[in-house]
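The primary structure of each chain is shown beneath.
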Amino acid sequence: QVQLVESGGGLVQAGGSRRLSCLASGFSRYAIGWFRQAPGKDREFVAAIHHWSGADTYYTDSVKGRFTISRDNGKNTVYLQMEDMKPEDTGVYYCAASERNYYIQLRTNYDYWGQGTQVTVAS
């Protein structure tokens, strides 16, 4: 099975940038997604990428144009590059793996989860 470890969280000023990493282990093919959870709120979808060559990427509307998801298969790592960050981006960020080929923006379609990394954006 896939195991996921997030890293790269921390404090960033509004308008700044941060890159999160998700190190994945395992031999099966999975889509990888990023989710975040703000205090008192549900865990929400942020971005996802499929495993195949030329895979499509998906983003929630609030991060389009600011966040970029990418992968480095040689390093078994998926990244979330976050630019022009806003206070509302604050939360615990989780990477997750899905065995599904479709609807990977849905939390219920993910099978494995990392422990999360805290991202705090100061205004």
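Quick caveat: nothing in here was measured; it's all calculated off a predicted structure.

Rules behind the numbers
- Position numbers for residues start from 1 in each chain and track the written sequence from start to end.
- Predicted model: local features are reported for residues with pLDDT of at least 70 only, side-chain atom pairs are reported and counted for 80 or more only, and whole-chain, interface and lining totals are derived from all residues.
- Calculated side-chain values reflect all of the structure's heavy atoms, with hydrogen atoms and water omitted.
- The helix count covers DSSP runs of H or I at least four residues long, the strand count covers runs of E at least two residues long, and both are numbered beginning at the N terminus.
- Accessibility here uses a 1.4 Å probe with only protein chains present; expressed as a share of the type maximum, an area under 20% marks a residue as buried, one over 50% as exposed, and anything in between as partly exposed.
- Only the protein chains shown count as cover for residues, and all accessible areas are computed by the Shrake-Rupley method using a 1.4 Å probe.
- Counted as positive: Lys and Arg. Counted as negative: Asp and Glu, with His and the chain ends omitted from the count.
- Every charge is mapped to an atom, namely NZ of Lys, CZ of Arg, CG of Asp or CD of Glu.
- Note on terminology: disulfide denotes any pair of cysteine sulfur atoms within 2.5 Å.
- By this definition, two strands are paired if DSSP reports at least two bridges between them.
- What counts as an axis is a line fitted to C-alpha atoms, over the stretch in contact for a helix, and the angles between N-to-C directions run from 0 to 180 degrees.

Enquirer: Looking at this structure, I do not really get the overall build of the chain. What am I missing?
Expert: Scanning the chain from N- to C-terminus turns up zero helices and 11 strands. In the chain, the order of α-helices and β-strands from amino to carboxyl end is β-β-β-β-β-β-β-β-β-β-β. Each principal axis of the C-alpha distribution contributes one length, and for the chain these read about 40 × 30 × 25 Å. With 123 residues in all, the chain has 41% of them scored as buried. When the accessible surface of the chain is totalled, it reaches about 6700 Å², and 44% of it is carbon and sulfur. Each charge class in the chain was averaged separately, 13 positive and 12 negative side chains, and the resulting centres sit 2 Å apart.

Enquirer: Looking at this model, I keep getting lost on the state of the cysteines. Mind explaining?
Expert: Should the sulfur atoms of two cysteines be covalently bonded, the bond is a disulfide. Per the counting criterion, the structure on display carries one disulfide. One disulfide bridge connects Cys22 with Cys95, the sulfur atoms lying 2.2 Å from each other. Between Cys22 and Cys95 the disulfide shows an S-S torsion of about 70°. By sign, it is right-handed. Here the residue Cys22 occupies a position in strand S3 (residues 18-25), and Cys95 occupies one in strand S9 (residues 91-98), the gap between them amounting to 73 residues.

Enquirer: In this structure, what is going on with the pairing of S3? I would like to understand it.
Expert: Two elements, strand S1 (residues 3-7) and S3, share five bridges in a ladder whose sense is antiparallel. For Leu4, the partnering residue across the bridge sits in S3 and is Ala24. In the sheet, S3 pairs with strand S8 (residues 77-82) via six bridges, with the strands oriented antiparallel. Paired with Cys22 across the strands is Val78, a residue of S8.

Enquirer: In this structure, what is going on with the sheet that holds strand S7 (residues 67-72)? I would like to understand it.
Expert: Paired through backbone hydrogen bonds, the strands of a sheet run either parallel or antiparallel to each other. Pairing in this open sheet of four strands is antiparallel, and the strands run S1-S3-S8-S7 from one edge to the other. Edge positions in the open sheet fall to S1 and S7, since each of these has one partner strand only. Each strand of the sheet is rotated relative to its neighbour by a mean of 20°, with strand direction disregarded.

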